[in-house]
Amino acid sequence: MFLTLYPQSVDMAAASCLLTEDQFLCSICLDVFTDPVTTPCGHNFCKTCITEHWNTNVPYQCPNCKKVFNTRPELQVNTFISEMAAQFRQSAQQKASSSSSSSEQQVSKPGEVPCDVCTGTKLKALKSCLVCLESYCETHLEPHLTRSGLKRHQLIDPVENLEGRMCLQHDKLLELFCKTDQMCVCMLCTVLDHKTHDVVPLREEYEGKKAELGKTEAEIQQMIQKRQLKIEEIKHSVQLSKEDADREIADGVQVFTALKESVERSQAELIDTIKEKQRKTEKQAEGFIKELEQEISELKKRSTEVEQLSRSEDHLHLLQSFMSLNTAPPTKDWTEVSVRPPSYEGTVRRAVSQLEETLSKQMKKLFEVELKRVQQSAVDVTLDPDTANPWLILSDDGKQVQTGDVEKNLPNNPERFDTCVYVLAKQSFSSGRFYYEVQVKGKTKWDLGVARESINRKGQITLSPQDGYWTIWLRNENEYKALAGPSVSLSLKSRPEKVGVFVDYEEGLVSFYDVDAAALIYSFTGCSFTEKLYPYFSPCVNDGGKNSAPLIISPVNQARRSSLIRGIVF
């Protein structure tokens, strides 16, 4: 009856093409018929399949309609269906062969997931099946797209190590996440080892971790941006430093060119000194930049990993990879890091001093230049009453201090000096440069300088750099000393009425100036500062009224120095 539907000119292959694949599948082996036979109830099976079925099952029953046969039917191969199945198999093989030959560009490459079914040359897998635990190329994926039984299987983008998606303990699919133990589990795990734990579906945890990855990526990008800004800040600092260096060189050259041949060597030494400081600054900046760029490179690498992982639609892969993701690369806190232009205080003066005989008439002008330069670092300083000894009297504006005749009843807090008549400023400095001026006119005794934060403030105190004090003092009206441990006696041409104090934290320099004479009194060099520094003051005892004049923090009168440089003539 079936053949009468087709003209004789239509071959068997054409007829088979009008039938579906399910019509050529044995319901026992789910494959295309091999030697098909027909039972009395009208159902078709592979001869071997139905024979083995009846050999192990009594009574003889049809696997499809469950009809029971009293005697075992004698079955013959249905030649018509056999020929149709052969034609269908040949057509399918030709289609697979054609698809394989036209997909040479889909051959699996290193790093790609290969098809687990392909023999010989492995083609690139298009999907992986979480039920079959295999990956399939386009050809071998066909049954999962057409067969009703396989359509229910869960397909995902191709992944390797599908066995890793199974619970090693229960051989079940990992489809849940235990938040208590932070691990992927199967359904059986939830009723055994993780019975009382907080368990959620993979998708729910996947969404949470994906959001967390997004936040991490944003934080990394912010860190990168901050470091890029820090690079620009450092480059800007280097440029400012270079401008200062160029200006310093120009000033120095202008001074030394007036000496002609007699000072050429001094001029060269000046330039080399300044350039060496600049080179050190640039080298430091290059080191910071290199370190920042290395951190940026590591952060970008991590950002790429996080970004790739955050785009993954594979719940299990994201969660497993998230837990094993490398910790963030170590990074430095760059907040306080900066490149400070080097101090050139005294550079020109030290070079010119080698020609003291020739330059003696001009030294005063050179010191004026130096003083005007450091005065550009002037800061506003006020006295801290919480540190003042009870014998001291401070003005309401915090700018004056003198020793009184009566000891005030003040709380003996840890910051206060209880025995020595000392007081510190409210302001502290832990980087850069700062300068302030103090009027000492009319006094026969005084101490000035800077002190580190951790100094001893109780009992008798020794003033020395080893004890955290960098100071000079006046005693007996004209006895000046630098308390360098041991102390250094100072020979001054005039008695200062106003003393300037200059500190370059990074350079390790503390200098004292006679402001009116524009002369250097003393410099502590090579200091190593690791703590906050506070301006330090002591008006000393009033000595029966002879030393009752106050120490007065004075405003700094800054003036242009360029005209002074041009005024130096040899």
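Residues numbered from 1 in each chain as written. Predicted model: local features only at pLDDT ≥ 70, side-chain atom pairs only at ≥ 80, totals over all residues. Heavy atoms only, no water.

## A short note on the overall build of the protein
Consideration 1: Counting its secondary structure elements, the protein contains 13 helices and 23 strands.
Consideration 2: Expressed as a percentage of the 570 residues in the protein, the buried residues total 42%.
Consideration 3: Residue pairs at least 24 apart in sequence account for 62% of intrachain contacts in the protein once pairs closer than 6 positions are excluded.
Consideration 4: Surface summary for the protein: the accessible area is close to 31500 Å², and the carbon and sulfur share equals 49%. (Helix = DSSP H or I, 4+ residues; strand = E, 2+ residues; numbered from the N terminus. Buried < 20%, exposed > 50% of the residue type's maximum accessible area, 1.4 Å probe, protein only. Contact = heavy atoms within 4.5 Å. Areas by Shrake-Rupley, 256 points an atom, 1.4 Å probe, with all protein chains shown as cover.)

## Section: unusual backbone geometry
Excluding glycine, residues mostly have negative phi values, and the peptide bonds linking residues are mostly trans.
Consideration 1: The step from G485 to P486 runs through a cis peptide bond, and the omega angle for that step is 5 degrees.
Consideration 2: At Q182, a residue that is not glycine, the phi angle is positive and equals roughly 50 degrees.
Consideration 3: Looking at where Q182 falls in the secondary structure, it is placed in the loop between β8 (176-178) and β9 (183-185).
Consideration 4: On the accessibility criterion, Q182 (36% relative accessible area) is partly exposed.

## A short note on the sheet that holds strand β12 (residues 400-403)
Consideration 1: Read from one edge to the other, the open sheet built from seven strands follows the order β11-β12-β23-β14-β19-β20-β21, with strand pairing classed as antiparallel. Each end of this open sheet is capped by a strand with a single partner; those strands are β11 (392-394) and β21 (519-524). Shown here is a sheet whose adjacent strand axes are inclined to one another by a mean of 20 degrees, direction ignored.
Consideration 2: The pairing of β11 with β12 spans three bridges and is antiparallel. Paired with L392 across the bridge in β12 is T403. (Pairing = 2+ DSSP bridges. Axes fitted to C-alpha atoms, helices over the stretch in contact; angles between N-to-C directions.)

## Looking at the packing of helix α7 (residues 202-257) against helix α8 (residues 264-310)
Consideration 1: Put simply, α7 and α8 touch, their axes get as near as 9 Å, and they point 170 degrees apart. Taken together, the axes of α7 and α8 lie roughly antiparallel to each other.
Consideration 2: Each residue belonging to the contact of α7 with α8 can be placed in one class, and the counts come to 22 nonpolar, twelve polar and 14 charged. (Parallel < 35°, antiparallel > 145°, perpendicular 65-115°, else oblique. Nonpolar A, V, L, I, M, F, W, Y, C, P; charged D, E, K, R; others polar.)

## What to know about the sheet that holds β9
Strand pairing in a sheet takes place through backbone hydrogen bonds and is either antiparallel or parallel in direction.
Consideration 1: In space, the three strands of this open sheet follow the order β9-β8-β10, with antiparallel pairing throughout. On the outer flanks of this sheet lie β9 and β10 (199-201), each paired with one strand and no other. Recorded for the sheet is a direction-independent mean angle of 35 degrees between the axes of neighbouring strands.
Consideration 2: Where α7 meets the sheet, it contacts β8, β9 and β10, and its direction lies at approximately 85 degrees from that of β10.

## Considerations on the packing of aromatic side chains
Two numbers describe a pair of aromatic rings. These are the distance of the centres and the angle of the planes.
Consideration 1: Per the counting criterion, the structure on display carries 13 aromatic pairs.
Consideration 2: Ring centres of W446 and Y480 lie 6.2 Å apart, and the angle between their planes is 55 degrees; on these two criteria the pair is classed as tilted. Linking W446 in strand β15 (residues 446-452) with Y480 in strand β17 (residues 479-482), this pair joins segments that are 34 residues apart in sequence. The residues W446 and Y480 share a single accessibility class, namely buried.
Consideration 3: Summarising the aromatic geometry, the rings of F512 and F524 are spaced 6.2 Å apart at their centres and angled 70 degrees between planes, so their arrangement reads as edge-to-face. In this pair, F512 is assigned in strand β20 (residues 509-514) and F524 in strand β21, connecting sequence segments twelve residues apart.
Consideration 4: Taking the relative accessible area as the measure of exposure, F512 reaches 0% and is therefore buried.
Consideration 5: Within the aromatic cluster, the residues linked to one another by ring pairs are F417, Y422, Y469 and Y536. (Phe/Tyr/Trp six-rings, centres within 6.5 Å; stacked < 30°, edge-to-face > 60°.)

## Description of the side chain of N542
Consideration 1: In this structure, N542 sits in the loop between β22 (533-538) and β23 (551-554).
Consideration 2: Residues in contact with N542, not counting those within four places in the same chain, are T403, G404, D405, N547 and S548.

## Overview of the pairing of strand β16 (residues 469-475)
Consideration 1: Counting buried residues along β16, six of its seven residues qualify, which places the element largely inside the surrounding structure.
Consideration 2: Bridging between β15 and β16 involves six bridges; their strand directions are antiparallel. Pairing of A451 across the sheet is with Y469, part of β16.
Consideration 3: Bridge count between β16 and β17: four bridges; the pairing is antiparallel.

## Brief notes about the confidence of the model for the protein
Consideration 1: Summarising the model, the protein shows a mean pLDDT of 84, and 87% of its residues fall at 70 or more.
Consideration 2: Contacts of residues 100-105 to residues separated by more than four positions or lying in other chains number three contacts, the stretch itself having pLDDT below 50.
Consideration 3: The low-confidence segment residues 560-565 (pLDDT under 50) makes 14 contacts with residues lying over four places distant or belonging to another chain. (pLDDT = per-residue confidence, 0-100.)

## Observations regarding the pairing of β15
Consideration 1: Counting buried positions over the seven residues of β15 gives six, a clear majority of the element.
Consideration 2: As judged from the six bridges shared by β15 and β22, these two strands associate in the antiparallel manner. Residue pairing in the sheet places D447 in a bridge with S538 of β22.

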